[in-house]
Amino acid sequence: MELVVNDLRKSFSSPTGERIEVLRGLSFTAAAGEVLAVMGASGAGKSTLLHLLSGLEAADHGSILAGEFAIDRATPSALARFRNKQMGFVFQFHNLLPDLTAGENVSLPLRITRTSSGEAIRQARQMLEEVGLDGRASDSVVGHLSGGEQQRVAVCRALITRPAIVLADEPTGNLDTPLATEISHSLVSYAKSSPALVIIATHNRALAELCDRTLILRDGKLCGL
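Residues numbered from 1 in each chain as written. Predicted model: local features only at pLDDT ≥ 70, side-chain atom pairs only at ≥ 80, totals over all residues. Heavy atoms only, no water.

**Here's the deal with the overall build of the chain**
Here's step 1: When its secondary structure is counted, the chain shows eight helices and 10 strands.
Here's step 2: In terms of overall dimensions, the chain is globule-like: its C-alpha atoms have a radius of gyration of 17 Å, near the 17 Å expected for 225 residues.
Here's step 3: Overall size of the chain, expressed as C-alpha extent along the three principal axes, is 50 × 40 × 40 Å.
Here's step 4: Counting the 225 residues in the chain, one finds 49% classified as buried.
Here's step 5: Restricting the contact set of the chain to residue pairs at least 6 apart, pairs at least 24 apart contribute 70%.
Here's step 6: Of the roughly 10,700 Å² of accessible surface on the chain, a fraction of 51% belongs to carbon and sulfur atoms.
Here's step 7: In the chain, which carries 22 positive and 24 negative side-chain charges, the distance between the mean positions of the two groups comes to 5 Å. (Helix = DSSP H or I, 4+ residues; strand = E, 2+ residues; numbered from the N terminus. Rg over C-alpha atoms; globule rule 2.2 N^0.38 Å. Buried < 20%, exposed > 50% of the residue type's maximum accessible area, 1.4 Å probe, protein only. Contact = heavy atoms within 4.5 Å. Areas by Shrake-Rupley, 256 points an atom, 1.4 Å probe, with all protein chains shown as cover. Lys, Arg positive; Asp, Glu negative; His and termini not counted. Charge placed at Lys NZ, Arg CZ, Asp CG, Glu CD.)

So, in structure tokens, the structure goes:
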């Protein structure tokens, strides 16, 4: 699925009422099978960009086209359906449901698409095994897992529906180097094998070097296209 972003702008109000321009006319295209890193200083707008691409926040101006779906013009219900079927999300702090098992967390996106409980858990366990989490981990409440294990669960949850677009916000930010490398390779491998578009906001230069392109956010604009 091709993503076409044109003249994207976003600003926020400061506590004093001043308008702060975070994104100032961003334009780029990306295609299925590509992995893009988005880099920049803290506060440069990396997370804001991902939120706009997913439709979780509305842009002040500009357009976002995913295939033939206009994210910037879609209704909330249409956006929700599109995200459920076509998008996967990986967050720095997992955002897992702590009282559910790893398998139950991974199976949730499938349950939303009305896959039966048994089949959803079967697929979740299979995917967890592919990233080195055995049946014990799959049946464990995620609050009892290590941070690294929780992030592997989060990656599995993002990929379980085989989404066309994956948005990852600092997915290796709190991980040690070996696990960060493992997570990075998982995301790149998924993009190439699906094929899917993966966009990763990161400070990790080693991860960025694995990507096909690096977009650098500076003063609200993109460099390194």
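From this point, the narrative continues.
**Observations concerning the packing of aromatic side chains**
Here's step 1: Evaluated as defined, the whole model comprises two aromatic pairs.
Here's step 2: When the centroid spacing of 4.3 Å and the interplanar angle of 5° are considered together, the rings of phenylalanine 69 and phenylalanine 82 count as stacked. With phenylalanine 69 in strand E5 (residues 69-70) and phenylalanine 82 in helix H2 (residues 76-86), this pair connects stretches of sequence that are 13 residues apart.
Here's step 3: Assessed through its relative accessible area of 21%, phenylalanine 69 is described here as partly exposed.
Here's step 4: Both rings, one in phenylalanine 89 and one in phenylalanine 91, keep their centres 6.3 Å apart while their planes meet at 10°; by these two values the pair is stacked. (Phe/Tyr/Trp six-rings, centres within 6.5 Å; stacked < 30°, edge-to-face > 60°.)

**Comments concerning the sheet that holds strand E7 (residues 165-169)**
Here's step 1: Strand order in the open sheet formed by six strands is E6-E7-E8-E3-E9-E10, and the pairing between neighbours is mixed. Since the sheet does not close on itself, it has two edges, and those belong to strand E6 (87-90) and strand E10 (221-223), each with one partner. Within this sheet the neighbouring strands show an average axis-to-axis angle of 20°, counted without direction.
Here's step 2: Bridge count between E6 and E7: four bridges; the pairing is parallel. (Pairing = 2+ DSSP bridges. Axes fitted to C-alpha atoms, helices over the stretch in contact; angles between N-to-C directions.)

**Some details on helix H1 (residues 46-54)**
Along an α-helix, residues three or four positions apart point the same way, because every turn accommodates 3.6 residues.
Here's step 1: Of all the nine residues making up H1, seven are buried; the element is thus mostly covered by neighbouring parts of the structure.
Here's step 2: Residues of H1 that are buried: Lys46, Thr48, Leu49, Leu50, Leu52, Leu53 and Ser54.
Here's step 3: Directly after H1, the chain includes glycine 55, whose backbone phi takes a positive value near 80°.

These figures capture arrangement, not role.
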